[in-house]
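Chains, contacts and geometry: an overview
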Amino acid sequence: QETIDRFEIGFAPDSWDALVQHIQRHNQTAIRDAETVGLIGKGKKGIYARFKNRIMFPVHNRTGEVIAFSGRDMSNQPDAAKYYNSSDSSLFTKGKVLFGVYQARSAIRDQDRAIVVEGNVDVLTLSQNGFGETVAPMGTALTLEQCALIKRMTNNVVLIYDGDDAGQAATLKAIPHCLSEGLSGRVVTLKADQDPDTLLRTQGAEALEKLIEKSPPLFDYVIEDAMRHFDGTIPSASAVVKKVKPLFAMLPNRMESDMYESKLAQR
């Protein structure tokens, strides 16, 4: 209940018009506001609720104002998007906002790190298990703007994405943005069938903290991923260098770049 209250979680009923009727009964002028934050839409048949049968997560900016909504599907329909967000508006651009940043801002500064996970539920689970510094992108790969938002609060980031192929691909997309914004940090690798939520539920907070402590730095993770396809031949060595080389320019100083060049050559 504390988590529900803290994140102001609600529910959108399995109805296209229940929210519209509620607003019209209580505050007719709020229809415009509901449309602005993406709760309702307008079609040929009139006004309708854009979220249906979903757990609802208000999206706050850093000062605590609600600027959009994110809904987690509960229908289990195969064609339904797992998460559905408000459309971009004058208040909200999903690539510039992190879910949970308002609730996490103090913990990020206190812990001097931001933990980045993939989904809203992961944010909730980590938060209520003592990792209040957790945030998530809005259903997209981590962007430069989101990294810049983190940079305003800390220089350190911990990426904990799902252990499946999609999660690892998202990790590799996120690392260059982190490096280019001057963030340092670590990458936690989970098993293929794990996500942060299941790890915490099965093994607890202490196990996750130990994983974080043992996890490789961002650039080390990139090197080890590139090395997975190295077979000792010159062409495969060339492919590894081609994959990693663009990231050297993103390192914060020449000394660190030289040391990583040496490490890559040794590997």
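Below is a short write-up of the structure. Just so it is clear, the structure is predicted and the values come from calculations on it, not from any experiment.

1. A word on the sheet that holds strand β6 (residues 83-85)
Across the sheet, four strands lie side by side as β1-β4-β5-β6; this open sheet has antiparallel pairing. Where the open sheet ends on each side, the last strands, each with one partner, are β1 (10-12) and β6. For this sheet, the mean inter-axis angle between neighbouring strands, taken without regard to orientation, is 35°. Taken together, the three bridges between strand β5 (residues 66-73) and β6 define a ladder with antiparallel strand orientation. Looking at the pairing, S70 lines up with N85 of β6.

2. As for the environment of I150
Within the fold, I150 resides in helix α6 (residues 144-151). In this structure I150 touches L98, A114, V116, V157 and L183, once residues within four positions along its chain are discounted.

3. Quick word on the packing of aromatic side chains
Each aromatic ring pair is described using two quantities: the centre-to-centre distance and the angle formed by the ring planes. Per the stated rule, a full pass over the model turns up five aromatic pairs. A centroid spacing of 4.6 Å and a plane angle of 45° characterise the contact between F219 and Y260, whose relative ring orientation is tilted. With a gap of 41 residues between them, F219 in helix α10 (residues 218-227) and Y260 in helix α12 (residues 254-266) connect regions that are remote in the sequence. Assessed through its relative accessible area of 11%, Y260 is described here as buried. One aromatic cluster in this structure is built from F7, F57 and F99. For R72, the ring lying beneath its charged end belongs to Y83, and the centroid distance is 5.9 Å.

4. Observations regarding the sheet that holds strand β10 (residues 156-159)
Reading across the sheet, the five strands line up as β7-β9-β8-β10-β11 and stay open at both edges, with mixed pairing between neighbours. Where the open sheet ends on each side, the last strands, each with one partner, are β7 (98-99) and β11 (184-187). Here four bridges tie β10 to β11, and the two strands are oriented parallel to one another. Each bridged residue has a counterpart across the sheet, and for V157 the counterpart in β11 is G185. Most of the contacts of helix α7 (residues 165-180) go to β10, to which it runs at about 175°, and overall it touches β10 and β11.

5. A look at the packing of helix α11 (residues 234-248) against α12
Contact pair α11 / α12: the axes reach a minimum separation of 11 Å and the direction vectors enclose 170°. Relative to α12, the element α11 lies roughly antiparallel. Counted together, V240, V244 and F248 of α11 and S257, Y260, E261 and L264 of α12 form the full contact between these two elements. Of the residues belonging to the contact of α11 with α12, the class tally is five nonpolar, one polar and one charged.

Conventions we followed
- Residues numbered from 1 in each chain as written.
- Predicted model: local features only at pLDDT ≥ 70, side-chain atom pairs only at ≥ 80, totals over all residues.
- Heavy atoms only, no water.
- Pairing = 2+ DSSP bridges.
- Helix = DSSP H or I, 4+ residues; strand = E, 2+ residues; numbered from the N terminus.
- Axes fitted to C-alpha atoms, helices over the stretch in contact; angles between N-to-C directions.
- Contact = heavy atoms within 4.5 Å.
- Phe/Tyr/Trp six-rings, centres within 6.5 Å; stacked < 30°, edge-to-face > 60°.
- Buried < 20%, exposed > 50% of the residue type's maximum accessible area, 1.4 Å probe, protein only.
- Lys NZ or Arg CZ within 6 Å of the ring centre and 35° of its normal.
- Parallel < 35°, antiparallel > 145°, perpendicular 65-115°, else oblique.
- Nonpolar A, V, L, I, M, F, W, Y, C, P; charged D, E, K, R; others polar.

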